[in-house]
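Structural characterization, general
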Amino acid sequence: MTTMIPATLIPGDGIGPEIVDATLAALDALKAPFDWDRQIAGLEGVKQAGDPLPQATLDSIRRTRLALKGPLETPSGGGYRSSNVRLREEFKLYANLRPALTIIPGGRFDKIDLVVVRENLEGLYIGHEHFVQIDDDPHAVAMATGINTRAGSRRLLEFAFEHAVATGRKKVTIVHKANIMKALTGIFLETGLELYERKYKGQFELDTVIIDACAMKLVLNPWQFDMLVTTNLFGDILSDLVAGLVGGLGMAPGANIGADAAIFEAVHGSAPDIAGKGIANPTALLLAAAMMLDHVKLTEKATHLRQALDATLNIDKVRTGDLGGKASTAAFTKALVSRISNG
């Protein structure tokens, strides 16, 4: 008898429910043993519960320790904070894993296979900010405080190094700005170099690069990199840049992983302008579901899903409009499910 795996399902806003339904159809075809607890968040959470991150949703993730979510819209005004940031803080999801793999060949960049590992809970990105009033200008001075800790840096770097070893990555590059931000990013660089020498030397090559040089090198020759590991703000920028190398955010899955929970997601927005039109591309969420299958050690099903997706796009040539095709979300899903079932 198959052991069911409890998991929280958050359809999200905009096109979220459409791409979630497509992903569920694929997972059902794979006979993935997830026992879904459907919850709400984002704009839908505000509408139904007065909170973009309702307590019932938090309680569900706390129980299942595993979630798949569609894109969430942060309501404008009202002082609402990003639900994604709140989820990372609530469950201490310190590692953001963003792979970028070429699925459709022939683009501006080809044969890309990169992973960005981003620290998720520290640095400038977390938004410790305030204004200082001078005379009659309440916003005369803007200040932000960035904090990186030795423990937080080590925890993230150890995750990245372990992931590199487990997945056979040959080179890991620490991305920093320690030439200028000597303390804030220097501690991250210093901790990574020390950890490598003490525990991982010889298991992969370690390199370091300054963030601005890294951005330039990614555009000139992305194939020189294998895995990038970096602090929160730099990771936010680089992970989107790397997604651009493989066709954009519609091809980019993401995972937020902590000691007590893991949340898998499409990292693109909720695209309210095309919601309900049946033309959304579910590829990013499907790839996130494959990462989720890997996470729960269902690697054969993860591989089957990725292979079926590749065949649907490149052999059957069934593609949504954003990928140059004419297929609706439903037609794409039907073709994918057929590939899974007959593969």
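Report follows, based on the coordinates.

Analysis parameters
What you see as residue numbers is a count from 1 along each chain, following the sequence as written. Note on the predicted model: pLDDT of at least 70 is required for a residue's local features to be given, and 80 or more for side-chain atom pairs to be given and counted; whole-chain, interface and lining totals, by contrast, use all residues. Neither water nor hydrogens contribute to the side-chain values; these are computed over all heavy atoms in the structure. Take a side-chain nitrogen of Lys or Arg and a carboxyl oxygen of Asp or Glu: if they are within 4 Å of each other, that pair is a salt bridge. Counting from the N terminus, the helices are the DSSP runs of H or I reaching at least four residues and the strands are the DSSP runs of E reaching at least two. For every residue, the accessible area (1.4 Å probe, protein chains only) is compared with the maximum for its type, and the residue is labelled buried under 20%, exposed over 50%, or partly exposed between those bounds. Exposure above 30% relative accessible area and the absence of a salt bridge qualify a residue for a patch, where like charges join within 9 Å and nonpolar side chains (Val, Leu, Ile, Met, Phe, Trp, Tyr) within 5 Å. All accessibility values rest on the Shrake-Rupley procedure with a 1.4 Å probe; residue burial counts only the protein chains present in the view. Cavity: a set of points on a 1 Å grid over the protein atoms alone where a 1.4 Å probe fits but cannot get out. Pocket: an open set with protein on both sides within 12 Å along at least five of seven lines, its lining residues, like those of a cavity, having an atom within 4 Å of a point. Grid points are joined across faces, edges and corners, and a volume is the space filled by probe spheres set on the points. For this classification, the nonpolar set comprises Ala, Val, Leu, Ile, Met, Phe, Trp, Tyr, Cys and Pro, the charged set comprises Asp, Glu, Lys and Arg, and every other residue, Gly included, is treated as polar.

Moving on to the pattern of salt bridges. Tallied over the full model, the rule gives 17 salt bridges. Salt-bridge contacts for R169 lead to D226; the nearest nitrogen and oxygen are separated by 2.7 Å. Here R169 is found in the loop between α5 (150–167) and β8 (171–176), whereas its partner D226 is found in the loop between α7 (211–220) and β10 (227–230), with 57 residues between them in sequence. Each of the two residues, R169 as well as D226, counts as buried. Across the pair D316 and R339 runs a salt bridge whose closest N-O atoms are separated by 2.9 Å. One end of the pair, D316, is in the loop between α10 (299–314) and α11 (329–342); the other, R339, is in helix α11, with 23 residues separating them in the sequence. The exposure class of D316 is partly exposed, given its relative accessible area of 33%. Residue R339 is classed as partly exposed on the basis of its relative accessible area of 28%. One network of salt bridges, in which partners are shared, links D59, R62 and E90.

Residues L124, Y125, L233 and I237 make up a contiguous nonpolar surface patch of about 300 Å² in total accessible area. Of all the secondary structure elements, the ones that give two or more residues to the nonpolar patch are β6 (123–134) and α8 (232–245). By the element assignment, L233 lies in helix α8.

Before going further, it helps to examine the layout of surface pockets. Of the pockets and cavities examined, the largest pocket occupies roughly 910 Å³. Contributing to the lining of the largest pocket are 29 residues, with H163, T167, M291, D294 and R306 lying nearest its centre. When contributions to the lining of the largest pocket are tallied by element, the ones reaching two or more residues are β4 (95–101), β5 (113–119), α5, β11 (253–257), α9 (283–295) and α10. Take the lining of the largest pocket: its biggest share by element is five residues, from α5. Per-class residue counts for the lining of the largest pocket are 16 nonpolar, six polar and seven charged. Empty space within the second largest pocket amounts to approximately 300 Å³. Around the second largest pocket sit 19 residues that line it, and N84, R88, R98, E265 and V267 are the ones nearest its centre. The element that contributes the greatest number of residues to the lining of the second largest pocket is helix α4 (residues 83–90), accounting for three residues.

By themselves, these figures tell us nothing about what the structure is for.
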